[in-house]
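Working through the structure, step by step
Here is what each chain is made of, one letter per residue.
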Amino acid sequence: MTEENNNAPSDFIREIIDDDLREDRNQGRVATRFPPEPNGYIHIGHAKSICLNFGIAAQYKGTCNLRFDDTDPSGESLEFVESIINDIHWLGFDWEDRLFFASDYFEKLYQLACELIKAGKAYVCDLTADEIREYRGSFTEPGKESPNRNRSVDENLDLFERMRAGEFEDGTHVLRARIDMTSPNIVMRDPVIYRIKRAPHYRTGDTWVIYPMYDFAHCLSDALESITHSICTLEFENNRPLYDWIMNQLISGSRPQQIEFARLNLSYTVISKRMLIELVEKGLVNGWDDPRMPTVSGLRRRGYTPEAIRNFCAEIGVAKNDNLIDVALLEHCVRDDLNEKAPRVMGVLRPIRVVIDNYPEDGVEEFEFANHPQNPEMGTRKVPFSRVLYIERDDFQEDPPGKYKRLAPGREVRLRNAYVIRYERMVKDEETGEITELHCTYDPETRNASSPDGRKVKGVIHWVSAEHSIPAEVRLYDRLFQVADPASESGDFTEYLNPESLETLGPCYVEPSLKNAEPGSRYQFERLGYFSVDSGDSQPEKPVFNRIVALRDTWGKRAATGK
RNA sequence: UGGGGCGUCGUCAAGCGGUAAGACACAGGACUUUGGUUCCUGCAUUCGGAGGUUCGAAUCCUCCCGCCCCAGCCA
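Remember, it's a predicted structure, so these values are computed and weren't measured experimentally.

A short note on the overall build of chain A
Each helix and strand in chain A was counted, giving 13 helices and 25 strands. Taken over the C-alpha trace, chain A has a radius of gyration of 31 Å; the compact-globule value for 563 residues is 24 Å, which it surpasses by more than 25%. Its C-alpha atoms give chain A principal-axis dimensions of about 100 × 60 × 45 Å. For chain A, the residues scored as buried account for 52% of the 563 residues in total. Taking as baseline every contact in chain A between residues at least 6 positions apart, the subset at least 24 positions apart corresponds to 71%. With 71 positive and 96 negative side-chain charges, chain A shows a spacing of 3 Å between the two charge centroids.

Dropping the structure here:
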């Protein structure tokens, strides 16, 4: 205990593993697995599990397999397999040659099921789905035994074989584990372990018409892969006795142990696969990788970094409490990462023209700006300045509130990294009253330095040269839902969607260095936030930017609360 | 209702009988050519509640309360 690594995350699961290692269980091996079903894209909740499973394997010098739990052909597809593989790699994890599919175990699982039958521990049941439900009893009443429960081994073997051979219609027979119809745990009341389902499987095609159920396939897949710690979420806690029961019947030697942790919930979004599928299928978002989605592909397209997501997963911890993590923590994690990595640039989202009256008509000069104020190694770039500029509409107010530090009648501001300018007059549209143009004068003495006379200029605003800037589309994203926990709200969760979760702005004007910005690259637009070049819609010379997250805004917050 | 699980700051979460870590959020302040970053400071006399054991309890015991999961031939 003298060499405790304080940086290694610790949680109750790692404590269990520490114990196991101390007691020399599993020959000192640690083997985990991440077992997604390929029936959807993975989301931030999966990321928590991925970080846990792969993180533990790395920490204990063990292994983590990727195994697709593809035992229900309906809804599963290669598209999902590919997206999941891509997403996990992007998150920064690798399983080398340990890519597995439960569907590859179908034959073995079938043989294991036969063994269970031979041991008198499983039987073919002819009851209908409705009847099985009735026979199962309820929370308060014990179940009744199926009339087929005491069939002979030979008959069961024969029937099961004929199920496999396709002699029976879907739903007419199932294979059940023979456990205890009076168990207080409903999972143990002779659970179905095989059903007939004539659906083409994306990998095995039509070679099978019977498929194993999760409870049967999952634990045995773990055993076949010599998994030591089978980590899953809390809702499987009730299934653990069944997991252990099957292990006891069919597996000798060391067996995997199931450990459950609380799944992630994130505020102002939904995480359940069912709901995400609904959002996609109803067209309420623009696909699985819509930047508003909590999917890994959505976060990636938004501009999140894998590091930020991993840090987030480390930060939230692992426990058994139901939780609703504040999305502000996720946002903090990207800001924290991007603050170091993202080059600074200038872009004006809601432009207003500014004419510098005393600047030469055709004058142009180039300023050399640092790409990062705290990190000179990130280099510099050139940014042109000229007589006509754009600044942010927000950065001028005719009648500014107290403590306003930007441009206003009678005031001066510093144009970031350039000159101090002074307000002279404004031009308004006669009909609408809207300000269309500002006229200012600049002080040449203030070029890229403190004012020589020591005068203090309150505000610094960003700008872009009108003539040299590049028009761009900018997409501003806000939380997908208006309520913190839409899944727990009454009624249809889609009623709580935030109608303003996407705001498209344009034309916005960005500095010329962004003309051919790489899709996927990330920048800080100074004073605004972090933005990424959209990997789907951005074109050379016609960039599209996604706002990943706004900068912390203590002024905006103050203004919003009326202080 | 039977069974399983969980209740520590607004949100997460340490704590494992020796006198409440940390993070986010929030509130002040310093610094600042990003109202960003950074840096200080504050933020649970109290651990769902009530009893009990103990010199000592968030940690042990008892009872109570609340929340979550299970009655798919989904996972």
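Don't stop here, the text continues.
With respect to the sheet that holds strand β17 (residues 420-428)
Taking strand neighbours across the sheet as the criterion, the 7 strands line up as β19-β16-β17-β18-β12-β15-β20 in an open arrangement whose pairing is mixed. In this open sheet, the two edge strands, each paired with only one partner strand, are β19 (460-461) and β20 (463-465). Bridge analysis of strand β16 (residues 412-415) against β17 gives 3 bridges, and the strand direction is antiparallel. Bridged to V413 within β17 is I421.

Considering the pairing of strand β1 (residues 31-34)
Because side chains alternate across β1, one face comprises the buried residues A31 and R33, and the other comprises T32 and F34, equally buried. Pairing between β1 and strand β2 (residues 63-68): 4 bridges, direction parallel. Residue pairing in the sheet places F34 in a bridge with L66 of β2. A crossover links β1 with its parallel partner β2, the connecting element being helix α2 (residues 44-59), and its sense is right-handed.

Examining helix α1 (residues 12-22)
Looking only at α1, the buried set comprises I13, R14, I17 and D20. Buried residues of α1, seen end-on, are gathered within an arc of 115 degrees and therefore sit on one face of the element.

With respect to the domain arrangement of chain A
Think of interface size as the accessible area that goes away when the parts come together; that is how it is often given. Partitioning chain A into structural domains gives domain 1 (3-261), domain 2 (273-343 + 472-561) and domain 3 (354-369 + 376-462). Between the C-alpha centres of domain 2 and domain 3 there is a distance of 30 Å. Between domain 2 and domain 3, the residue contacts involve 13 residues of the former and 16 residues of the latter. Carbon and sulfur atoms supply 55% of the area buried between domain 2 and domain 3, which totals about 1,100 Å² over both sides. If you sort the residues of domain 2 by the area they bury against domain 3, E526, R527 and W555 come out on top, with a joint share of 52%.

Quick look at the packing of helix α11 (residues 306-316) against helix α12 (residues 327-341)
Axis separation between α11 and α12 bottoms out at 8 Å; the angle between their running directions is 135 degrees. Here α11 lies oblique to α12, going by the angle between them. Our pair here, α11 against α12, has a crossing hand that is right-handed. Facing E307, A308, N311, F312, E315 and I316 of α11, the residues of α12 in contact are L329, L330, C333, V334, D337 and K341. Considering only residue class, the contact of α11 with α12 consists of 7 nonpolar, 1 polar and 4 charged.

Overview of the packing of aromatic side chains
We describe a pair of aromatic rings using the distance from one ring centre to the other and the angle between the two ring planes. The final tally for this structure, using the stated rule, is 29 aromatic pairs. Their ring planes at 85 degrees and their centres at 5.7 Å tell us that Y41 and F80 sit as a pair that is edge-to-face. Of this pair, Y41 sits in the loop between β1 and α2 while F80 sits in helix α3 (residues 78-91), and the two are 39 residues apart along the sequence. Summarising the burial analysis for this pair, Y41 and F80 share the class buried. Taken together, a centroid distance of 5.2 Å and an interplanar angle of 75 degrees make the contact between F385 and W463 edge-to-face. Within this pair, whereas F385 is found in strand β14 (residues 380-386), its partner W463 is found in strand β20, the two being separated by 78 residues in sequence.

With respect to the sheet that holds β1
Taken together, the 3 strands give an open sheet; going across it, the order is β1-β2-β3, and neighbouring strands pair in parallel fashion. The sheet is open, and its two borders are formed by β1 and β3 (99-101), each paired with just one other strand. For this sheet, the mean angle separating the axes of adjacent strands, direction not counted, is 35 degrees. Contacts from α2 reach β1 and β2, with the element oriented near 160 degrees to β1. The sheet contacts of α3 involve β1, β2 and β3, and relative to β2 the element is tilted by about 160 degrees.

Description of the pattern of salt bridges
Following the criterion strictly, the structure yields 44 salt bridges and no others. With a closest N to O distance of 3.0 Å, K428 and E398 form a salt bridge. Residue K428 is located in strand β17, and its partner E398 is located in the loop between β15 (388-392) and β16; the two are separated by 30 residues in the primary sequence. In this structure, the salt-bridge partner of R475 is D537, at a minimum N-O distance of 2.9 Å. One end of the pair, R475, is in strand β21 (residues 470-477); the other, D537, is in the loop between β24 (529-533) and β25 (544-550), with 62 residues separating them in the sequence. Exposure remark for D537: the relative accessible area of 36% places this residue in the partly exposed category. Salt bridges sharing common partners tie together D289, R301, E473, R475, D534 and D537.

Quick look at the side chain of D69
Here D69 shows up in the loop between β2 and α3. Of the side chains bearing the opposite charge, R67 lies closest to the buried D69, which forms no salt bridge; the N-O distance is 5.0 Å.

Observations regarding the side chain of H43
Its place among the elements puts H43 in the loop between β1 and α2. For H43, the side chain forms a polar contact with the main-chain oxygen of I271, separated by 3.1 Å. Once you skip the residues sitting within four places of it in the chain, H43 turns out to touch I271, L276, P294, T295 and V296.

Cut-offs and rules
- Residues numbered from 1 in each chain as written.
- Chains lettered and ligands numbered in written order.
- Predicted model: local features only at pLDDT ≥ 70, side-chain atom pairs only at ≥ 80, totals over all residues.
- Heavy atoms only, no water.
- Helix = DSSP H or I, 4+ residues; strand = E, 2+ residues; numbered from the N terminus.
- Rg over C-alpha atoms; globule rule 2.2 N^0.38 Å.
- Buried < 20%, exposed > 50% of the residue type's maximum accessible area, 1.4 Å probe, protein only.
- Contact = heavy atoms within 4.5 Å.
- Lys, Arg positive; Asp, Glu negative; His and termini not counted.
- Charge placed at Lys NZ, Arg CZ, Asp CG, Glu CD.
- Pairing = 2+ DSSP bridges.
- Right-handed = clockwise from strand over helix to strand, strands pointing away.
- Arc of directions from axis to C-beta.
- Domains from an automatic or database assignment.
- Buried area = accessible area lost by both parts, 1.4 Å probe.
- Axes fitted to C-alpha atoms, helices over the stretch in contact; angles between N-to-C directions.
- Parallel < 35°, antiparallel > 145°, perpendicular 65-115°, else oblique.
- Left-handed = near helix turned anticlockwise from the far one by under 90°.
- Nonpolar A, V, L, I, M, F, W, Y, C, P; charged D, E, K, R; others polar.
- Phe/Tyr/Trp six-rings, centres within 6.5 Å; stacked < 30°, edge-to-face > 60°.
- Salt bridge = Lys/Arg side-chain N within 4 Å of Asp/Glu carboxyl O.
- Polar contact = N/O pair within 3.5 Å; in protein donor to acceptor, adjacent residues only side chain to side chain.

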